[in-house]
Amino acid sequence: MSNPAIDPTRTRMALELRHTSPLVGCRFDPTGRFVFASAQDNTIQRWELANQRKTALTGHRSWVRGLAFAGGKLLSADYTGQILVWPVESETPQPERILDAHRGWARAIAISPDGRLFATCGNDQLVKIWSATDFSLVRTLIGHDCHVYHVAFHPAGMHLVSTDLHGGTRVWNLENGDQVRSLDCSVLFRYDSTFRADHGGVRSMAFNRQGSLLACAGITNVSNAFAGVGNPAIALFDWRLGHRAELLRPAAAFQGTMWGVTFLPNGQVAGAAGGSGGSLWFWNPDQSASFHTLALPTNARDLHLHRDGRRLAIQFFDGAVRIYETA
């Protein structure tokens, strides 16, 4: 597990990038040159890391949560159900294509390991697979009975995982579109009988590099659905056996939702949450309690790992993207 280039206990903020509106999602581009963040003013902001130059991408009519990259293009999914396709490096980015992908929110986008396909999901209970070459619809996957919150491709490229508000997590065969099994992630969901409301759902998913573990981040122990009162958690699944191996929790009490999760190159897990402030935690995957906590300035709303495996981008409600180094 050791990696001399990574030491989570020495994690520090290395760079702060500012915008004037609260931020919703963030991603480094595959080259590692830029970081993109979506904002509540319906824009996407692009920062060049070398000089902090900021460029606005305008064209969405609502908030954007899903961000992904394929073939030198940025794909962004918004709450009207549209996917916009942008050139990553253009001086004045304009949408090259608009896909009417879902009825209601399009919540997430994932790119296949070979870059040939991308998957989307949304409030219409559908998962869709698209060609990343010509942006045609390849297949629609039907089976969820509530809002679909997230999608992720297995690193081997043969399966897609989708998960919904109730924690129903389905594994699909990409060759024929059949559902091959399901995983129980209901620990990240609760029906609040007082407010008669559902609350939960997987807010972020990540595989480790070997594809042997799947991490699903969200909220557990919900006691008040109206106020979102509960505790952040990460359900960790053994991919081969198909059952939950661990439920990762902060070592100290924290109220909020785990909005982002990733695996570090050494196999350790990082998760960021917002609620009663913000925190970044690190776990060994075989231990349920976090071994290190970094208090964050305010509520964190996403998390992404740079291609160098050392830097983490976290975007915040106060309009900042902060870059943290784990070395």
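Thresholds, definitions, all that
- Counting starts from 1 at the beginning of each chain's written sequence and moves along it residue by residue.
- The predicted origin of the model limits local features to residues at a pLDDT of at least 70 and limits the giving and counting of side-chain atom pairs to 80 or more, whereas totals for whole chains, interfaces and linings rest on all residues.
- The basis for the side-chain values is all heavy atoms of the structure; hydrogens and waters are excluded.
- In DSSP terms, a helix is any run of H or I states spanning at least four residues, a strand is any run of E spanning at least two, and both are numbered starting from the N terminus.
- A radius of gyration in this sense is built from C-alpha atoms; the matching globule rule multiplies 2.2 Å by the number of residues raised to 0.38.
- What makes two residues a contact is simply this: any of their non-hydrogen atoms within 4.5 Å.
- Under the convention used here, a 1.4 Å probe and the Shrake-Rupley method define accessible areas, while residue burial counts only the protein chains that appear.
- In summary, the charge assignment counts Lys and Arg as positive and Asp and Glu as negative, without counting His or the chain termini.
- All charge positions are set by atom: Lys at NZ, Arg at CZ, Asp at CG, Glu at CD.
- Pairing between two strands requires that DSSP report at least two bridges joining them.
- As a rule, the C-alpha atoms of each element are fitted with a line to give its axis, helices using only the stretch in contact, and angles between N-to-C directions run from 0 to 180 degrees.
- In the sections that follow, a salt bridge refers to a side-chain nitrogen of Lys or Arg positioned within 4 Å of a carboxyl oxygen of Asp or Glu.
- The buried label goes to any residue with under 20% of its type's maximum accessible area, the exposed label to any with over 50%, and the partly exposed label to all in between, with areas taken from a 1.4 Å probe on protein chains only.
- Between 30 and 60 degrees the pair is tilted, below 30 it is stacked and above 60 it is edge-to-face, where a pair is any two Phe, Tyr or Trp rings, Trp via its six-membered ring, whose centres lie within 6.5 Å.
- A ring is considered to have a charge above it if a Lys NZ or an Arg CZ atom is located within 6 Å of its centre and within 35 degrees of its normal.
- For our purposes a nonpolar core is just a set of buried Ala, Val, Leu, Ile, Met, Phe, Trp, Tyr and Cys residues, chained together by side-chain atoms within 4.5 Å.

1. Here's the deal with the overall build of the chain
Along its length, the chain carries zero helices and 30 strands. Against the compact-globule benchmark of 20 Å for 327 residues, the chain has a radius of gyration of 18 Å, which places it among compact chains. Along the longest, intermediate and shortest principal axes, the C-alpha atoms of the chain span 45 × 45 × 40 Å. Summarising the internal contacts of the chain: among those between residues at least 6 apart in sequence, 45% fall at separations of at least 24. Accessible area of the chain: about 13,100 Å², with a carbon and sulfur share of 47%. Here the chain carries 31 positive and 27 negative side-chain charges, and the mean point of each set is 2 Å from the other.

2. Topic: the sheet that holds strand β7 (residues 73–78)
The strand order β6-β7-β8-β9 describes an open sheet built from four strands, whose pairing is antiparallel. Of all the strands in the sheet, just β6 (64–70) and β9 (97–100) have a single pairing partner and so form its edges. On average, adjacent strands in this sheet sit at an angle of 20° to one another, irrespective of strand direction. Two strands pair when backbone bridges link them, and strand β8 (residues 82–87) and β9 are joined in this way by four bridges, in the antiparallel orientation. The residue of β9 that forms the bridge with I83 is L99.

3. Overview of the pattern of salt bridges
For the structure on display, the rule yields 11 salt bridges. With its nearest N and O atoms 3.0 Å apart, the salt bridge here joins D302 to R27. Of this pair, D302 sits in the loop between β27 (292–296) and β28 (304–305) while R27 sits in strand β2 (residues 23–28), and the two are 275 residues apart along the sequence. Look at D302 and you get buried, because its relative accessible area is 3%. A salt bridge links D318 to R322; the shortest N-O distance between them is 2.7 Å.

4. Considering unusual backbone geometry
Even without being glycine, F135 reaches a positive phi, approximately 65°. Within the element layout of this structure, F135 appears in the loop between β12 (126–131) and β13 (137–142). Despite not being glycine, N221 shows a phi value in the positive range, around 55°. Relative to the elements of secondary structure, N221 occurs in strand β21 (residues 213–224). Looking at N221, the relative accessible area reads 45%, which means it is partly exposed.

5. A closer look at the sheet that holds strand β22 (residues 229–238)
A sheet is described by the order of its strands in space; here four strands give the open sequence β20-β21-β22-β23, paired in antiparallel fashion. Of all strands in the sheet, those bounded by a partner on one side alone are β20 (204–207) and β23 (243–248). Going across the sheet, the axis of each strand differs from the next one's by a mean of 30°, ignoring polarity. Summarising the sheet, β22 and β23 pair through five bridges and their orientation is antiparallel. Within the sheet, the bridge partner assigned to I234 lies in β23 and is L248.

6. Focus: the packing of aromatic side chains
One pass over the full model with this rule turns up nine aromatic pairs. Taken together, a centroid distance of 5.3 Å and an interplanar angle of 80° make the contact between F207 and W239 edge-to-face. Of this pair, F207 sits in strand β20 while W239 sits in the loop between β22 and β23; the two residues are 32 residues apart in sequence, bridging distant segments of the chain. In textbook terms, an aromatic cluster arises when at least three aromatic residues are bridged by ring pairs, as seen for F34, F36 and F69. Taking the ring centre of Y149 as reference, the NZ or CZ of R107 above it sits at 4.1 Å. Over the aromatic face of W239 sits the side chain of R181, whose NZ or CZ is 4.6 Å from the ring centroid.

7. Description of the pairing of β6
Counting buried residues in β6 gives seven out of seven residues, a clear majority hidden from the surface. As judged from the six bridges shared by β6 and β7, these two strands associate in the antiparallel manner. Note on β7: the bridge partner recorded for F69 is L74. Hairpin connection, β6 to β7: the antiparallel pair is bridged by two residues, and G71 has positive phi, about 55°.

8. Digging into the nonpolar core
Soluble globular proteins: nonpolar side chains tend toward being buried together. Membership of the largest hydrophobic core comes to 16 residues, with the highest contact counts inside it found for L214 and C216. Elements represented by at least two residues in this core include exactly β20, β21 and β22. Broken down by element, this core gets its largest block of residues, three residues, from β22. In contact with L214, other than residues within four places in its own chain, are V161, L183, M205, A206, F207, A235, L236 and F237.

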